[in-house]
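Working through the structure, step by step
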Amino acid sequence: MSVWNYVVTAHKPTNVTHSCVGNFTSPQELNLIVAKCTRIEINLLTPQGLQPMLDVPIYGRIATLELFRPHGEAQDFLFIATERYKFCVLQWDAESSELITRAMGDVSDRIGRPTDNGQIGIIDPDCRLIGLHLYDGLFKVIPFDNKGQLKEAFNIRLEELQVLDIKFLYGCSKPTIVVLYQDNKDARHVKTYEVALKDKDFIEGPWSQNNLDNGADLLIPVPPPFCGVLIIGEETIVYCSANVFRAIPIRPSITKAYGRVDADGSRYLLGDHAGLLHLLVITHEKEKVTGLKIELLGETSVASTISYLDNAFVFIGSSYGDSQLVKLNLQPDAKGSYVEVLDRFVNLGPIADFCVVDLERQGQGQVVTCSGAYKDGSLRIVRNGIGINEQASVELQGIKGMWSLRSLTDDPFDTFLVVSFISETRILAMNIEDELEETEIEGFCSQVQTLFCHCAVFNQLVQVTSSSVRLVSSTTRELRQEWNAPSGFSINVATANATQVLLATGGGHLVYLEIGDGTLTQAKHAQLECEISCLDINPIGENPSCSQLAAVGMWTDISVRIFSLPDLNLITKEPLGGEIIPRSVLLCSFEGISYLLCALGDGHLLNFQLNLSTGELKDRKKVSLGTQPITLRTFSSKNTTHVFAASDRPTVIYSSNKKLLYSNVNLKEVSHMCPFNSAAFPDSLAIAKEGELSIGTIDDIQKLHIRSIPLGEQARRICHQEQSRTFAICSLKTHSNAEESEMNFIRLLDDQTFEFISTYPLDTFEYGCSILSCSFSDDSNVYYCVGTAYVLPEENEPTKGRILVFIVEDGKLQLIAEKETKGAVYSLNAFNGKLLAAINQKIQLYKWMLRDDGTHELQSECGHHGHILALYVQTRGDFIVVGDLMKSISLLIYKHEEGAIEERARDYNANWMSAVEILDDDIYLGAENNFNLFTVRKNSEGATDEERGPS
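Residues numbered from 1 in each chain as written. Predicted model: local features only at pLDDT ≥ 70, side-chain atom pairs only at ≥ 80, totals over all residues. Heavy atoms only, no water.

Right, let's talk about the UniProt feature "domain: RSE1/DDB1/CPSF1 first beta-propeller" (unreviewed entry) in the chain for a bit. Under the UniProt annotation, the feature "domain: RSE1/DDB1/CPSF1 first beta-propeller" (unreviewed entry) is placed at residues 16–345. Taken end to end, residues 16–345 is 0% helix and 56% strand, and its first and last C-alpha atoms sit 10 Å apart. (UniProt positions renumbered as here; feature names shortened; annotations may be inferred. Helix = DSSP H or I, 4+ residues; strand = E, 2+ residues; numbered from the N terminus.)

Here we take up the packing of aromatic side chains. Any two aromatic rings considered together are summarised by their centre-to-centre distance and by the angle between their planes. Within the structure shown, the criterion is met by 18 aromatic pairs. When the centroid spacing of 5.3 Å and the interplanar angle of 75° are considered together, the rings of Y320 and Y374 count as edge-to-face. With Y320 in the loop between β26 (313–317) and β27 (323–328) and Y374 in the loop between β30 (366–371) and β31 (378–384), the pair connects residues that are 54 residues apart, well separated along the chain. The partly exposed category is assigned to Y374, whose relative accessible area is 37%. Here F727 and F754 contribute two aromatic rings whose centre-to-centre distance is 5.4 Å and whose plane-to-plane angle is 20°, an arrangement assigned as stacked. Linking F727 in strand β62 (residues 726–735) with F754 in the loop between β63 (741–750) and β64 (756–761), this pair joins segments that are 27 residues apart in sequence. What links up through ring pairs into an aromatic cluster is the set F68, F77 and F144. The residue whose ring lies beneath R747 is F745, and the NZ or CZ to ring-centre distance is 4.3 Å. (Phe/Tyr/Trp six-rings, centres within 6.5 Å; stacked < 30°, edge-to-face > 60°. Buried < 20%, exposed > 50% of the residue type's maximum accessible area, 1.4 Å probe, protein only. Lys NZ or Arg CZ within 6 Å of the ring centre and 35° of its normal.)

Attention shifts here to the sheet that holds β31. Taken together, four strands build an open sheet; the order of strands is β29-β30-β31-β60 and the sheet is antiparallel. With partners counted over all chains shown, the strands left at the sheet margins are β29 (353–357) and β60 (704–710), one partner each. Strand-to-strand twist across the sheet, computed as the mean angle between neighbouring axes with direction ignored, equals 20°. Across five bridges, β29 lies against β30 in antiparallel orientation. Of the residues in β30, the one forming a bridge with C355 is V368. (Pairing = 2+ DSSP bridges. Axes fitted to C-alpha atoms, helices over the stretch in contact; angles between N-to-C directions.)

Here we take up unusual backbone geometry. Looking along the chain, the bond that leaves P224 and enters P225 is cis, with omega of 10°. The topology assignment puts P225 in the loop between β17 (218–221) and β18 (229–232). The peptide bond linking L565 to P566 adopts the cis configuration, its omega dihedral lying at 5°. Note that P566 resides in the loop between β47 (559–564) and β48 (570–575). In the Ramachandran plot, N211 falls in the positive-phi region, its phi being about 50° despite a non-glycine side chain. Along the chain, N211 turns up in the loop between β16 (201–209) and β17.

Our next topic: the side chain of E160. Turning to its location among the elements, E160 is positioned in the loop between β12 (154–157) and β13 (162–168). One polar contact links E160 to K191, side chain to side chain, over a distance of 3.2 Å. Dropping the residues within four chain positions of it, E160 is found in contact with G137, Y181, K191 and Y193. (Polar contact = N/O pair within 3.5 Å; in protein donor to acceptor, adjacent residues only side chain to side chain. Contact = heavy atoms within 4.5 Å.)

With that settled, consider the environment of Q841. Summarising the element assignment, Q841 is placed in the loop between β70 (834–839) and β71 (842–850). Residue classification places Q841 among the partly exposed positions, given a relative accessible area of 36%. On a C-alpha basis, the gap between Q841 and D884 in space is 8.6 Å, while along the polypeptide they are 43 residues apart. When sequence neighbours within four positions are dropped, the list of residues in contact with Q841 reads H864, H865, G866, H867, I868, L869 and A870.

So, in structure tokens, the structure goes:
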């Protein structure tokens, strides 16, 4: 294996941590800016909803995201600070439609203890300074000069060490911060300080407030005319200013996010840990605050950020579930909720566990994740490729080709579906009940196989059979003109567009016809030296109904040729190499670039860039899509043209950023496809596969598809069992009643419907920590093994746990055996027909023993001490790789003769591990809590065990 490992992101971050609203891209436009871990997304508010404008990667995890407007500027700037103490100020350049960096820098200090409660970044409402709380006891100030430029940063000592929140107050002549902190007796207070920029120091401020609610952890500064600050606690909300103090009790809750509704700060939206959205109103007489009122609006995802957009539209950004765009209604719905969810934005995070399963048995793995937290917990099925959602299907054997036709040239919808068989052609149409039924087009020849059909100009239809080309009126359905093949010749392949027909007869004859109003004229004939295997004249030039070029695939010399139309002059000849003939050619255009696609009989596809004016081909690329012959067809989805390659591994070809991308379709073998855009089935595809014809719509054209199974509880571990066709999960359900209680379950789900089919409740305080499907030596059954821990409030580390062994019988979980352990069972692995468990600091091996009464039990065989906490374990053969809480990766080996586990090698770096995996016999992959991946290699060449440690 190479020394370097290539890591690529398959899916961008989806967890929304910050959001803000302002006039960023122009003074008149309102923008929503969303931070997703290492990316920012800039959206424009339009009457149709949120329109994405830009998605930008940031080098670092975003800790602060704030919009501000320096003096004299017409639109807002964006301030971003990252977890590694880098910051930047970004501005939108309207001319080039991209971001410009106005300022950037590093605000880290050489010494200092990073804050426990995360970074705080705030901007003075009058744009005099930016304040950052990054280290305990220090407040960093970045002042602005009068032109809005940033000056050199400096630190001010902050007496309060346990800071919970800091905000700038509005309406103060000098910049003033308000600090919420906890003292060493765990009481919480608020203090204010003026920032003296000249002296680079604090002046004790205008007011302070002691002994607040013990759960107070959020400050909301109130803009003029009221000014002051709201202090949000777990049981009370307080409004406080220099001369007013007002408080109201609330239902116990932990407020996670807030969003200001009005510019004057009289109304705020509050989102709590249970996903409830409240409206907080400041009541006032003239400009004097008289009290507070709070009202429950409804339920959303658990919010990490709330941005009020406009006209009662609100963006709820979530780290624990899908983010949402909601509308606040004036009247409640039937359930009493004022919240209406308009749009959801998928969020996969936080993923607690996942497994890879081939659910459709097509040789394609799907990732099933335990996503979300609390009430937003769900399973997500993530698969590569594009799904077809079947709307209707009918059994039909032996389909040889399909085409959709319109009854009028300008009709927006297709009316007929022509289906060709080896010795007949059938025509299907939609009836009044929106059902497909058989019909007739009198001018078509239905007793023979159709080679090609197309809609033509002047409300006409073209049918090509082996003996003739028929031009039929689409209104009267009668034959208007017929062109017959010369006697002794039959038509082998044909293609057409709205005004042209190109066909090939035996002996290498290429014939070009032009379509008029009731006329078919042979315009040109060419004799080629070998037989023709496929043709295409799809118009991709200026004229949408007429092509200047024809693509022709050849037998014998195995080439593809470009001819000019109407004179059939050879422009380009491209030998394909090899012995496999081209079976389908297609002229197409993606994102303004013209291509020639050429599909071979062995499942390979060649693509060339095509110069429309000269006909030359360049930039040849070859990909393998399957093993069977491919047929190519264009279709459109959401006003964009894509190509469908029908074969044993059907594929959609599309373009993104001027690159061709191939996404497999989640269907088994497809022989033919054609677009069928009828009124009943808009934007649909007709698909012929083994013995049936189905009509379906296609998913969004993108790489990954995510299906969500909401659980209403948090799945912590997941495992799949092939034999019983089930998933088992360890889940945690939180009840939000007066006493917050938690229940833990082992749940069994059907792997097709994802419905709960059996549940095993765990004891109070017992958590599921690990789950495994395995079988044991001398026992043909397959079991689910679950490792648990008793998490007691008074214990720092669990001292007790269980290993439970279940069998699935008639869709039910039956407990077969249980074994008590002296700690949490963090990991379980199948190991040489035995069970390997990681229990607190020990690795323990159990064997499956048959008792005299015919039942089984787990019996301890041997173990290995020497870890702080063995959290993650992977095995390969007799090797055991352990990821420790803080001692990185170690390698153990099981010795059969001695029945013992010994350490073979270890990494002496102090890494706090979050996962391990074995890449091959010698290379192991680790992930640690600073969000880094690293690999270690076993030093196999060492002469002694000491030298064989990881390098």
